[in-house]
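Coordinates in review
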Amino acid sequence: MRATKFTALAAATVFAISLTACGSDSGDSSGDTGAAAPMPTTAATSMAPSMGTDMVNFGPGCAAVPADPANAGSFEAMGKVPVATAASGNPLLSTLVTAVKKAGLVDSLNSADGITVFAPTNDAFAEIPKTDLDKVLADKKTLTSVLTYHVVPGKLAPADLAGTHTTLQGEQVTVTGSGENFMVGGAASVVCGNVQTANANVYIIDSVLMPKS
Amino acid sequence: MRPGLRGAISGIVAAGSGIAAAELLAAAIRPGAGPLVMVGGAVIDATPTALKEFAVRELGTSDKPVLLAVIGGGVAGLAAITGVAATRRRAAIPVGTGLLGAVGVAAALSRPAATLLDAVPALLAAVLAGLSLWWLLRQRGRAATTVPDDGVDRRLVLRLSLLAAGAGAMQAAGMTVSGQRENAAGRSREAIRLPAAADPARQLPTGVAAEFTTPSGTFYRVDTALNVPRVDPSAWRLRIHGMVGREVELSFADLLQRPLIERDITLNCVSNEVGGPYVGTARWLGVPLAALLREVGVQPGADQIVARSVEGMTIGTPVVTALDGRDTMLALGMNGEPLPLEHGFPVRMLTPGLYGYAGACKWVTELELTTFDQFDAYWVKRGWGSQGTVKTASRIDKPKPFDRMAAGTVTVAGVAWAQRRGIQAVEISVDGGPWAPAELLPTASADTWTQWRFSWQATGGPHSLAVRATDRDGAVQPETRAAPFPDGATGWHTISVTVA
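Residues numbered from 1 in each chain as written. Chains lettered and ligands numbered in written order. Predicted model: local features only at pLDDT ≥ 70, side-chain atom pairs only at ≥ 80, totals over all residues.

If you look chain B up in an unreviewed UniProt entry, it shows as DMSO/TMAO reductase YedYZ molybdopterin-dependent catalytic subunit from Actinoplanes italicus.

Chain A has the name Putative surface protein with fasciclin (FAS1) repeats in an unreviewed UniProt entry, where Actinoplanes italicus is given as its organism.

Observations concerning the overall build of chain A
Rule in force here: Helix numbers and strand numbers start at the N terminus; a helix is a DSSP run of H or I with at least 4 residues, a strand a run of E with at least 2. Two residues qualify as being in contact provided that their C-beta atoms, derived from the backbone, are within 7 Å of each other.
Scanning chain A from terminus to terminus reveals ten helices and seven strands. Pairs at least 24 residues apart make up 61% of the contacts formed inside chain A by residues separated by at least 6 positions.

Section: the overall build of chain B
Applicable threshold: Our radius of gyration looks at C-alpha atoms and nothing else; its globule reference is 2.2 Å times the residue count to the power 0.38. Burial is judged by counting other C-beta atoms within 10 Å of a residue's own C-beta: 20 or more means buried, 12 or fewer means exposed, and anything between counts as partly exposed, with every C-beta placed from the backbone.
Looking only at helices and strands, chain B has 13 helices and 19 strands in total. Here the C-alpha atoms of chain B give a radius of gyration of 30 Å, more than 25% beyond the 23 Å that 2.2 N^0.38 yields for 500 residues. Reported as C-alpha extents along the three principal axes, the dimensions of chain B are approximately 100 × 60 × 40 Å. Looking at chain B as a whole, 49% of its 500 residues are labelled buried. Taking all contacts inside chain B whose residues are at least 6 apart in sequence as the whole, residues at least 24 apart take part in 75%.

Structural notes on the confidence of the model for chain A
Residue and element names in this part refer to chain A. This is how it is decided: Known as pLDDT, the predictor's confidence for each residue is given on a scale from 0 to 100.
Confidence in the prediction of chain A, expressed as mean pLDDT, is 78, and 74% of residues score 70 or more. In this model residues 1-46 is a low-confidence stretch, pLDDT under 50, and it forms 114 contacts with partners more than four residues away in sequence or in other chains. Note that residues 49-54 has pLDDT below 50 and, in this model, nine contacts with residues that lie over four places away or in other chains.

Section: the sheet that holds strand β12 (residues 404-405) of chain B
All names here are of chain B. Just so we agree on the cut-off: DSSP calls a pair of strands paired once it identifies at least 2 bridges connecting them.
With mixed pairing, the five strands of this open sheet are ordered in space as β12-β19-β18-β14-β15. Among the strands making up the open sheet, the edge pair consists of β12 and β15 (436-437). Bridging between strand β14 (residues 423-430) and strand β18 (residues 461-471) involves seven bridges; their strand directions are antiparallel. Bridging across to β18, Ala425 finds its partner in Thr470.

A short note on the UniProt feature "domain: FAS1" (unreviewed entry) in chain A
Using the following cut-off: UniProt positions are given in the numbering used here, feature names are shortened, and annotations may be inferred rather than shown by experiment.
Mapped onto the present numbering, the UniProt feature "domain: FAS1" (unreviewed entry) falls on residues 80-209 of chain A. As annotated, residues 80-209 of chain A comprises 38% helix and 30% strand, and the C-alpha atoms at either end are separated by 27 Å.

Considerations on the sheet that holds strand β10 (residues 364-370) of chain B
Residues and elements named next belong to chain B. Quick reminder of the rule: Think of each axis as a best-fit line through the C-alpha atoms, taken over the contacting stretch in the case of a helix, with angles from 0 to 180 degrees between the N-to-C directions.
Across the sheet, five strands lie side by side as β2-β1-β10-β5-β6; this open sheet has mixed pairing. Both outer strands of the open sheet, β2 (248-251) and β6 (314-318), are each paired with one neighbouring strand and no more. Strand-to-strand twist in this sheet, taken as the mean axis angle between neighbours without regard to direction, amounts to 20°.

Some points on the nonpolar core
Our working definition: Buried Ala, Val, Leu, Ile, Met, Phe, Trp, Tyr and Cys residues form a nonpolar core when they are connected through C-beta atoms within 7 Å. Start and end points for every domain follow an automatic or database-based domain assignment.
In terms of nonpolar packing, the biggest core is built from 135 residues, with Val100, Ala119, Val184, Ile204 and Ile205 of chain A together with Ala331 and Ala416 of chain B touching the most fellow members. Here this core gathers at least three residues from each of two domains, domain 2 (210-381) and domain 3 (393-499) of chain B. Ignoring sequence-local partners within four residues, the contact set of Ala119 of chain A consists of Ala87, Leu93, Leu96, Val202, Tyr203, Ile204 and Ile205 of chain A. Counting residues in hydrophobic clusters, the runner-up holds 50 residues, among them Leu24, Leu25, Val75 and Ala126 of chain B.

Let's talk about helix α5 (residues 94-103) of chain A
Given 3.6 residues to a turn, an α-helix orients residues that are three or four positions apart in the same direction. All names here are of chain A. Let me state the cut-off plainly: The directions from the helix axis to the C-beta atoms are what the arc is built from.
When α5 is considered as a whole, its buried residues turn out to be Leu96, Val97, Ala99, Val100 and Ala103. The buried residues of α5 occupy one face: seen down the axis, they fall within an arc of 160°. Those residues of α5 hidden inside the fold are in contact with α4 (83-88), α6 (106-111), β1 (115-120), α8 (130-138) and α9 (140-148). Gly104 lies just past α5 and shows a positive phi near 70°.

Concerning the pairing of strand β1 (residues 237-242) of chain B
Residue and element names in this part refer to chain B. Of the two faces of β1, only the one carrying Leu238, Ile240 and Gly242 is buried; Arg237, Arg239 and His241 on the other face are not. Pairing between β1 and β2: four bridges, direction antiparallel. If you follow Ile240 over to β2, its bridge partner there is Val248. Where β1 hands over to β2, the hairpin turn is made up of five residues, counted between the paired strands. Taken together, the four bridges between β1 and β10 define a ladder with parallel strand orientation.

A word on the UniProt feature "transmembrane region" (unreviewed entry) in chain B
All names here are of chain B. UniProt marks residues 7-29, 66-86, 93-113, 119-137 and 157-177 with the feature "transmembrane region" (unreviewed entry), using the numbering shown here. Secondary structure across residues 7-29 comprises 100% helix and 0% strand; the distance between its end C-alpha atoms is 33 Å. End C-alpha to end C-alpha, residues 119-137 measures 27 Å, and it is 95% helix and 0% strand.

Focus on the packing of helix α1 (residues 3-29) of chain B against helix α6 (residues 120-137) of chain B
Helix-helix packing is characterised by the crossing angle of the two axes and by the distance between the axes. Residue and element names in this part refer to chain B. This is how it is decided: Helix crossings get a hand from a simple test, with the near helix turned counterclockwise from the far one by less than a right angle marking a left-handed crossing and a clockwise turn marking a right-handed one. Under the scheme applied here, ten amino acids are nonpolar (Ala, Val, Leu, Ile, Met, Phe, Trp, Tyr, Cys and Pro), four are charged (Asp, Glu, Lys and Arg), and all others, including Gly, are polar.
Where α1 meets α6, the axes come as close as 7 Å, and the angle between the chain directions of the two elements is 145°. Crossing angle aside, the handedness with which α1 passes α6 is right-handed. Residues Ser10, Gly11, Ala14, Ala15, Ser17, Gly18, Ile19, Ala21, Ala22, Leu25 and Ala26 of α1 pack against Val120, Pro121, Ala122, Leu124, Ala125, Ala126, Leu128, Ala129, Ser132, Leu133, Leu136 and Leu137 of α6. The residue inventory of the contact of α1 with α6, partitioned by class, reads 18 nonpolar, five polar and no charged.

A look at the environment of Tyr378 of chain B
Residue and element names in this part refer to chain B. Of note, Tyr378 is situated in helix α13 (residues 378-381). Looking at Tyr378, the number of C-beta atoms within 10 Å reads 21, which means it is buried. Spatially, the C-alpha atom of Tyr378 lies 8.9 Å from that of Tyr357, the residues being 21 residues apart in sequence.

A word on unusual backbone geometry
All names here are of chain B. Omega for the peptide link from Phe345 to Pro346 comes to 5°, which places this bond in the cis form. With respect to the secondary-structure elements, Pro346 resides in the loop between β8 (337-338) and β9 (348-350). Each neighbour pair has its own omega, and for Phe485 with Pro486 the value is 5°, a cis peptide bond. In this structure, Pro486 sits in the loop between β18 and β19 (494-499). Residue Asn335 is not a glycine yet carries a positive backbone phi of 50°. With respect to the helices and strands, Asn335 occurs in the loop between β7 (329-334) and β8. Given 19 C-beta atoms within a 10 Å radius, Asn335 is considered partly exposed.

Structural notes on the packing of α5 of chain A against α9 of chain A
Residues and elements named next belong to chain A. The condition is simple: Roughly parallel refers to an angle under 35 degrees, roughly antiparallel to one over 145, roughly perpendicular to one between 65 and 115, and oblique to any angle outside these ranges.
Look at α5 against α9: their axes get within 9 Å of each other, and the N-to-C directions meet at 125°. As summarised for this structure, α5 and α9 are arranged oblique, according to the angle between their axes. For the element pair α5 and α9, the recorded crossing hand is left-handed. Contacts between α5 and α9 involve Ala99, Val100, Lys102 and Ala103 on the former and, on the latter, Lys140, Leu143, Thr144 and Leu147.

A few points about the environment of Arg2 of chain B
With respect to the helices and strands, the residue Arg2 of chain B is situated in the segment before α1. Counting along the chain gives 377 residues from Arg2 of chain B to Trp379 of chain B, while the straight-line C-alpha distance between them is 58 Å.

Section: the environment of Thr197 of chain A
Residue and element names in this part refer to chain A. Tracing the chain through its elements places Thr197 in the loop between β6 (188-196) and β7 (200-205). We classify Thr197 as buried; it has 25 C-beta atoms within 10 Å. Remark: the alpha-carbon pair of Thr197 and Pro91, spanning 106 residues in sequence, is separated by 16 Å. The residues contacting Thr197, other than those within four sequence positions of it, are Met78, Gly79, Val81, Pro82, Val83, Ala86 and Val202.

Written out as structure tokens, the structure is:
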């Protein structure tokens, strides 16, 4: 019906107007400070540059991440700080953070120039028998080897995730899958992927990866 | 066409044309006062935290476009209802468009720093939408008798098309106007010729390494402005008021006529992690603040300067840091050029020895003399420290974390900073071993960072390298780890590398 077409046309016109009128905030140009000013205040108890990214995390495990943007473990807060700091704000990753601190890798991870981190959850570490875990935590060299096996140079977007990557530990890790379903090293599933931090893309996984050596 | 459908379409097109005209008017007279953006801002402010969390969780960073689309949909819905109602009773036109206008006006006036002028676009939108709807439906009675068999009222279609085309044209014009305005700030910046400093910076000492001065293009940027403010310097004013003997208002030209100083100064952000990137050194040109403050006369008891930016940011700076002899300035130039837009064009504050959040307000337009008791600046309200004194810090820049290198002599290099106090020593520890002194390169002043380097005889295996600095007061950088919140990070930057 023509009338339907006109309805669609009219609606499309108004929507085009309403969207372009406000579209200026997506680019680098605008003077609409009236609307821009309050946005960062919803979350900003910290100061950091805005990321300007539209990349969104995915996966069933994401629901366990705190939602309050003021919470240091929320996606919004993690996006503003480097990766080790981001992880330390997240209660799901406290065992990993303990291990990173014991290995003395906090600054290295925070000041690396762009990395991808496969971050095992506390549950993943809990699957390792306690005596074995304690042994690894006490042995800085082995611990460093295990942890750096979870880090790949460069920020890998989900589209680039599948494939074989050389880790910072030196050995390779293979990621299989696509879309929102990925396996890392054959055994670990990505439960929450593409979590943005200031210097790293994080993929939270449900099993600890073990290098061969 | 059924009367209901005709009314709905008419209502939507009428509202669309009114809003398009309002956006054009806003672009011309009052950038940022477009009704949709105003309503969006008001909605964000009024949204309960729980709903904001939901939006952030479910929509991620697309929450803003979704919000604006929802507002657009809401406006369209209300407009359609108004149109349908208006086919039955004309009184629905002023009621419906009046309601839309009232929402827009209320949103505009609820914004921080709102003026009555901000309400004009929304009023225009309501009036135009009402007139358009009335025009669309005016000959309803006669049209009803001439509706051809295919059910389409050609007169209405023609009018709808005319209005839609007009709305489209106004929308395009509005975007052109705002685009030109945005470019105008850039052009006026390019046209500015900064005068030479009456008191120029000393030449950098020989032996300074290449990275001493941070290029403006890579200088860190931390602020809350989603959109970089674009300020027309010819319209810019700086008002100094509050606890002063004599309130003054200065233009950009006024500042250019004052004797300028030029200094190399290191600026850093309190939110920088240990080893983080938010620190840089630039050559700044500006008006010394001390002389200005003496002219206006600071009243006894005033201990805080609250600097306000054009977008409403407030930065609280201790008065003493402007009057104790340091080179606190209203900076106009950075590395030989007018300030880049994202670094505060046309004028920003700069206070050597204070973190940016306490002494370096960008796009500054107001200095209010007050007390710390009376006013908490933006970040202080959010729990950050009020004084903002820079802590001594050091960073390893080479090698990079996780680098792999051959055994033998490896040059470890980096920077250390303790503005106002200066750096006396930098030391390196390998694998937690004894501290060994690094070589300090010449530096410009106590207000700039000090570059250092260290020759490391690297042996095979994994290693950790740590750095610490001592300021010229003899205080050694503390090992204790502190997070950036609330007053700056502490701890020795320690990185892991592998020697083959």
